[in-house]
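Each chain, written out:
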Amino acid sequence: MIFNMVITDNFASFYGEDKEVHIFIDSFDNQKFEMRIGDLEHSKPLGSVIAFTDDELNIKLLALYIKY
């Protein structure tokens, strides 16, 4: 799974082919990013990360996804 999100994005969605799930990421302040996982109708919170650069955000999102 590769995340390619920038901190100025308020929302992004990805499809994890390896686990066949949709990943939704949103942020209201572009510092704390919430990750949900599931499908288009039902998703559950997976966790959140705080990031201040694009690289930091994508590394932390990947780490959170791997924990799942």
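Since this is a predicted model, take the numbers as computed values, not measurements. (Residues numbered from 1 in each chain as written. Predicted model: local features only at pLDDT ≥ 70, side-chain atom pairs only at ≥ 80, totals over all residues. Heavy atoms only, no water.)

A. Up close: helix H1 (residues 54–67). Its 14 residues place the ends of H1 20 Å apart at the C-alpha level, agreeing with the 20 Å of an ideal helix rising 1.5 Å per residue. Here H1 has its buried residues at Leu57, Asn58, Leu61, Leu64 and Tyr65. Taken down its axis, H1 places every buried residue within 125° of arc, on the same side. Residues of H1 that are exposed and angled more than 90 degrees away from the buried face: Asp55, Ile59, Ile66 and Lys67. Elements that come into contact with the buried residues of H1 comprise strand E1 (11–16), strand E2 (21–26), strand E3 (32–38) and strand E4 (43–50). (Helix = DSSP H or I, 4+ residues; strand = E, 2+ residues; numbered from the N terminus. Expected span 1.5 Å × (residues − 1). Buried < 20%, exposed > 50% of the residue type's maximum accessible area, 1.4 Å probe, protein only. Arc of directions from axis to C-beta. Contact = heavy atoms within 4.5 Å.)

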